[in-house]
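Structural features, examined
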Amino acid sequence: MTALTAARVRDEPVAILDRVRRMIQANPSVLPTIASVVIFVGMVVYGEVAYGRILQASTLSNLLINNAHLIVLAVALTFVIITGGIDLSVGSIIAFSSVAGVMLANAGWNAIAVMVVMVGIGALFGVVSGVLIRYFNVQPFIATLAMMFLGRGLASLLSTKPERLGEDSPIRWIGVQLKVVDGPKVNDLVITPAVIIAVIVVLAAFFVLHRTRTGRTVYAIGGSESSALLMGLSVQRTKVLVYVISGALAGLAAVLYTARLGTAQNITGIGWELDAIAAAVIGGTLLTGAYGYVLGSVIGALVLGLMNVLITRDGGIPPEMTTIITGGILLVFVLLQRAVTRKKE
Amino acid sequence: MTAASRTSLWRELIHKPFFWGIVAILALLALNVVKDPAYLAMSVNPNNGNLVGNLIDILRQAAPIMMIAIGMSLVIATGGIDLSVGSLMAVAGAVSMEFLNAAGDSGSVGVAFAAAGLALLITAILGAVNGVLVAYVGLQPFIATLVLMLAGRGIAKVITGGQNTAASSDPFRWISNGYLIGIPVVFILAVLIVILVGWVVRRSALGLMIEAIGINPKASRMAGIKPKGLLLTTYILSGILAGIAGIMSVGSVMTVDISRTGYQLELDAILAVVIGGASLAGGKFSLSGAFVGALLIATLDKTVLFLGVSSSATPAFKAIVIVVLCLLQSERVRSWFRTRRREKPAASELKTMKEEVQA
């Protein structure tokens, strides 16, 4: 089922094309994922030709370092969207969790405890949305919209100015850049613990979603909730679980982002839920549920990250166009998905 | 009047969608009065005969919320949602401010009308984009409007070149700050528009058809309603009303703040609609309910500020209100109340049965 099997290197290039064609015919919903891989490669090639210095270790490692939190968020949204739901609260969970975390850390709390609390705050928000959706039949986007405003409001109650993490705080270690390969001049392959955490999250999510019973239930709910119920799957428990996962991962993303930046503010993360949704959608997750791949969402997050790099490199595009372009790309992919699913109907 | 008819009248009032909204407004006002006994005091400005006071401020603040709430009511009644209203407000503000700034004639009524007209035209077009995506392409409403929510603020930024553009135009400013027979023009305008929209949708079959779509699009199509055209109209209307709200909110300061004008107001609109007793699942709407809802939100905004809480924290209170309202709407909570009411007769029946058995 995974998109990566399509990209696996074969002896003859013809065989790959043949395989891809057969895969699309068998399952048209992989088309958006393949499209996003093609777009990503195309963006790298275009960037390399037009601006240079894209296909080099330092640029690529910066891409990962700067987008580690977005990758985690994209994974979070993948779970929720596959069940046919949505989580609009991730951006403000990050705001509340990071402001609270930095304040606790500055109050002298142990770093590990602070990080646990930050993830816990996210999970708690997830529990509330999950319970609202599961027990009270509130539509997911309304429940998480309410959580979005609750998080933003609570963060503003705590503080409305940037809270700085102490220079010697152990939390900063997560954002420390470690040189893996010492390249010529500044062209080093660098990695941060945050990137490693993001990779672990991706692998764990991949395992849970594609290799476990819980993962299959997540897909089944998106396909048809009533059928999943009739099959005797633990629909209700899993429905709450995906929002808890999403919230907890948002809390984790707050840890990664705060550690890299060293500050937290109540306006952090505005619009990130849209970036995360866009990443998942670009990566081939259908908004109607039941189709999607964790690794596709990672590619989607990287497409968005690379887009920012290219816009900065170009210099001619005003930065305020970024949101319009993100919106445009999201729209194109949603339309693409619509075309694909309509054909199947 | 007999006691029985009085209680039935009372019961009818309680079941009106806006009843609890009015109760909440009174409660909030009472809270304010406790803090400052002179809160409700209104006075007449001796220079121009205009009313001034906290209540008037609330009416003035409620006007733009009413506009987007009316649009949102119709959209939600079709079973959709319009998340882009806040961004469209920013677009309308940006367009009108840029136009007035370029025109430069601060006294001309024609220029002010042209600026407002251009802003409404553009928001109508953006609303039409939403409508086409929802009605003809078949996207989920919230994702279609989410895109414009994201891109709309970007469009506003591009229009003003990233600046917070200020302009001067006395007629334009009059819309937000002026008075007519002592009452703020902006509130009179809002009431007139609410009445106009209400008259159109309730005097014609439009409201019924909108609700039919929200209840079951397939059945409504089979009954001869054309859902696509109606959906498109609804989203265009929501866009235009958001444009009016944008004009109202930039008019009072004559500056568009591209990152703050209309920011997060889509929640206010949704909240007003839910307070008004409409179901978020679609199928019914109440403009008078949304009207009261908008007043309640303006009162809540003022109260939170008055109690000394930072204005950026108000979303938290609104979120709590919306969660409580969603809970009250949910089938599970309603069934709790129902069983509790039925429990007593059931218990007494059981008792009589036992007695019969004993006998």
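Structure report, in brief. (Residues numbered from 1 in each chain as written. Chains lettered and ligands numbered in written order. Predicted model: local features only at pLDDT ≥ 70, side-chain atom pairs only at ≥ 80, totals over all residues. Heavy atoms only, no water.)

A tally of helices and strands in chain A yields 14 helices and four strands. By the compact-globule yardstick of 20 Å for 345 residues, chain A fits well, its C-alpha radius of gyration being 20 Å. A burial count over chain A gives 56% of its 345 residues as buried. Of all intrachain contacts in chain A linking residues separated by at least 6 positions in sequence, the fraction that spans at least 24 positions is 73%. Carbon together with sulfur atoms contributes 65% to the accessible area of chain A, which is approximately 14500 Å² in total. Of the charged side chains in chain A, 24 are positive and 16 negative; the average position of the first set lies 8 Å away from that of the second. (Helix = DSSP H or I, 4+ residues; strand = E, 2+ residues; numbered from the N terminus. Rg over C-alpha atoms; globule rule 2.2 N^0.38 Å. Buried < 20%, exposed > 50% of the residue type's maximum accessible area, 1.4 Å probe, protein only. Contact = heavy atoms within 4.5 Å. Areas by Shrake-Rupley, 256 points an atom, 1.4 Å probe, with all protein chains shown as cover. Lys, Arg positive; Asp, Glu negative; His and termini not counted. Charge placed at Lys NZ, Arg CZ, Asp CG, Glu CD.)

Another aspect to go through is the interface of chain B and chain A. The extent of an interface is frequently quoted as the accessible surface area lost upon association of the parts. Counting from both sides, the interface comprises 41 residues of chain B and, opposite them, 38 residues of chain A. Across the interface of chain B and chain A, roughly 3500 Å² is buried in total on both sides, 81% from carbon and sulfur atoms. Here chain B is connected to chain A by zero salt bridges. Counting across the chain B and chain A interface gives three residue pairs in polar contact (both at pLDDT 80 or more). Counting only elements with at least two residues in the side of chain B that touches chain A, the list comes to α5 (109–137), α6 (141–160), α12 (265–275), α14 (314–329) and α15 (331–358) of chain B. When residues in the side of chain B that touches chain A are grouped by element, the largest group, 10 residues, is from α6 of chain B. (Buried area = accessible area lost by both parts, 1.4 Å probe. Salt bridge = Lys/Arg side-chain N within 4 Å of Asp/Glu carboxyl O. Polar contact = N/O pair within 3.5 Å; in protein donor to acceptor, adjacent residues only side chain to side chain.)

Pairs can form between side chains of opposite charge whenever their charged atoms are close. Residues and elements named next belong to chain A. What the rule picks out here adds up to 10 salt bridges over all chains. Residue E225 is joined to K239 by a salt bridge in which the shortest nitrogen-to-oxygen separation is 3.0 Å. Of this pair, E225 sits in helix α10 (residues 225–230) while K239 sits in helix α11 (residues 235–261), placing them 14 residues apart in sequence. Its relative accessible area of 14% is what places K239 among the buried residues. A cluster of three or more residues bridged by salt bridges with shared partners is formed by D18, R21 and R22.

Before going further, it helps to spend a moment on the nonpolar core. Core analysis: the biggest nonpolar cluster contains 201 residues, and I277 of chain A together with M66, M67, I81, F172 and I270 of chain B have the highest contact counts within it. If we skip the residues at most four places from it in the chain, M67 of chain B touches A190, I193, V194, L241, I244, A245 and M248 of chain B. Counting five residues, the second-largest nonpolar core is a separate cluster that includes V20, M23, I34 and Y293 of chain A. (Core = buried A, V, L, I, M, F, W, Y, C linked by side-chain atoms within 4.5 Å.)

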